[in-house]
Amino acid sequence: MGALHAGHLTLITEARRVADRVAATIFVNPLQFAANEDLDRYPRQEEKDAALLEAAGCDLLWLPRPGEIYPAGFSTTVSVKGVSERWEGEARPGHFDGVATVVAKLLCAVGPDVALFGEKDFQQLAVIRRMNRDLQLGIEILGVPTVRDDDGLALSSRNAYLSPDERQRALALPWALNAAAKRILDGEDVGAVLVEAREELLTAGFSRVDYFALVNALSLEPLDRAGGPMRLIAAATIGRTRLIDNIAVGV
Ligand SMILES: Nc1ncnc2c1ncn2[C@@H]1O[C@H](COP(=O)(O)OP(=O)(O)OP(=O)(O)O)[C@@H](O)[C@H]1O
Ligand SMILES: CC(C)(CO)[C@@H](O)C(=O)[O-]
Ligand code: BAL
């Protein structure tokens, strides 16, 4: 969606390692924003982004206009059930329909062999993998580990909304995830760890925690005790900014 940072550029670097030619799209997709969300203020800097992509080794940039993607009369929705329903799906109703619809269109238009997405949007990656399998698009979907600032905050275009004070307080999110992961691996009660993590975020200055959950890393189903491939996922709001983050638990 643009306003590129080192996380996005890592997708290009990784793509270069696995493919001869690399294409990127920048499209702030209206379909995945609810009416009360930040579509209008989402940062846009297309010329700077184009230069960053070129320097990172991207061969082709497609910047579609909304009317190219959604011409008059557009009537199709791609809706992935199951894995999209909880967490972001609950907090942002309709969001994953918007994501799946646009990603299906972008992938069909570009026709890549491989497509790379960031693990920062962990549930989004799971939704796209499911769609790719269900629609038999035959694309190899690769997840790229989250790129963080030196102090641990996951890079996100939305970090630009944070005041210096909020930016400092936002560190509580990766800290709470890391602390909770250690405690779960140490065998502490999962329910108690998750409740305390929410409290830590509220104490640090987050006004709202949409979820702080231990999930199966493949199905995104909630876990009330440790076992199998595990991921901690969280979404919380500080000031006017909603941040998401996640980490692997174990391995
Ligand atoms: N810190 C990061 N590390 C790795 N990949 C990332 C990171 N941030 C975003 N990405 C990936 O880049 C792609 C484009 O994401 P998008 O344009 O929504 O950026 P974003 O920085 O996540 O923005 P926002 O936080 O505002 O949603 C997605 O596949 C996303 O998962
Ligand atoms: C996958 C995506 C490009 C769909 O608009 C967007 O949600 C993103 O950038 O993460
Ligand atoms: N980074 C996922 C896209 C969104 O938040 O709308």
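Since this is a predicted model, take the numbers as computed values, not measurements. (Residues numbered from 1 in each chain as written. Chains lettered and ligands numbered in written order. Predicted model: local features only at pLDDT ≥ 70, side-chain atom pairs only at ≥ 80, totals over all residues.)

*Asks:* Explanation requested: the sheet that holds strand β7 (residues 241–249) in the structure shown.
*Replies:* Backbone hydrogen bonds are what pair the strands of a sheet, in a parallel or an antiparallel way. Pairing in this open sheet of 3 strands is antiparallel, and the strands run β5-β6-β7 from one edge to the other. Looking at which strands have only one partner, the edges of the open sheet turn out to be β5 (208–216) and β7. Averaged over all neighbouring strand pairs, the angle between strand axes comes to 10°, with direction disregarded. Summarising the sheet, β5 and strand β6 (residues 230–238) pair through 8 bridges and their orientation is antiparallel. By the bridge assignment, A213 is partnered in β6 with I233. The strands that helix α9 (residues 190–204) touches are β5 and β6; relative to β5, the one it contacts most, it runs at about 150°. (Pairing = 2+ DSSP bridges. Helix = DSSP H or I, 4+ residues; strand = E, 2+ residues; numbered from the N terminus. Axes fitted to C-alpha atoms, helices over the stretch in contact; angles between N-to-C directions. Contact = placed C-beta atoms within 7 Å.)

*Asks:* I'm lost on helix α8 (residues 172–185) in this one. Help?
*Replies:* Three or four residues apart is the spacing at which side chains of an α-helix point the same way, because the helix has 3.6 residues per turn. Taking 1.5 Å per residue as the helical rise, α8 with its 14 residues ought to reach 20 Å, and the 20 Å between its terminal C-alpha atoms agrees with that figure. Those residues of α8 lying buried are A172, L173, P174, A176, L177, A180, A181 and I184. Taken together, the buried residues of α8 touch α7 (164–169), α9, β5, β6 and β7. G187 occupies a position one or two residues after α8 and carries a positive phi of about 95°. (Expected span 1.5 Å × (residues − 1). Buried ≥ 20, exposed ≤ 12 C-beta atoms within 10 Å, placed from the backbone.)

*Asks:* Explain the nonpolar core to me, please; I cannot follow it from the model alone.
*Replies:* Note on soluble globular proteins: their nonpolar side chains tend to be buried together. In terms of nonpolar packing, the biggest core is built from 57 residues, with V127, L173, A180, L214 and A234 touching the most fellow members. Looking at which domains feed residues into this core, each of domain 1 (6–144) and domain 2 (157–249) gives three or more. (Core = buried A, V, L, I, M, F, W, Y, C linked by C-beta atoms within 7 Å. Domains from an automatic or database assignment.)

*Asks:* Is there a simple way to think about the domain arrangement of the protein chain in this case?
*Replies:* How large an interface is tends to be reported as the accessible area lost when its parts come together. Split into domains, the protein chain comes out as domain 1 (6–144) and domain 2 (157–249). Computed from C-alpha atoms alone, the centre-to-centre distance between domain 1 and domain 2 is 24 Å. Listed by partner, the interface residues are 9 residues for domain 1 and 11 residues for domain 2. Contributions of two or more residues to the side of domain 1 that touches domain 2 are made by α4 (88–91) and α6 (122–134). The leading source of residues in the side of domain 1 that touches domain 2 is α6, at 3 residues.

*Asks:* Is there a simple way to think about the packing of helix α5 (residues 95–110) against α6 in this case?
*Replies:* Packed helix pairs are characterised by how far apart their axes lie and by the angle those axes make with each other. One way to put it is that α5 packs onto α6 with a least axis distance of 10 Å and a crossing angle of 50°. Looking at the two axes, α5 sits oblique to α6. α5 and α6 meet at a crossing whose hand is right-handed. Across the interface between the two elements, F96, V99, A100, V103 and A104 from α5 touch Q124, V127, I128 and M131 from α6. Residues that form the contact of α5 with α6 fall into these classes: 8 nonpolar, 1 polar and no charged. (Parallel < 35°, antiparallel > 145°, perpendicular 65-115°, else oblique. Left-handed = near helix turned anticlockwise from the far one by under 90°. Nonpolar A, V, L, I, M, F, W, Y, C, P; charged D, E, K, R; others polar.)

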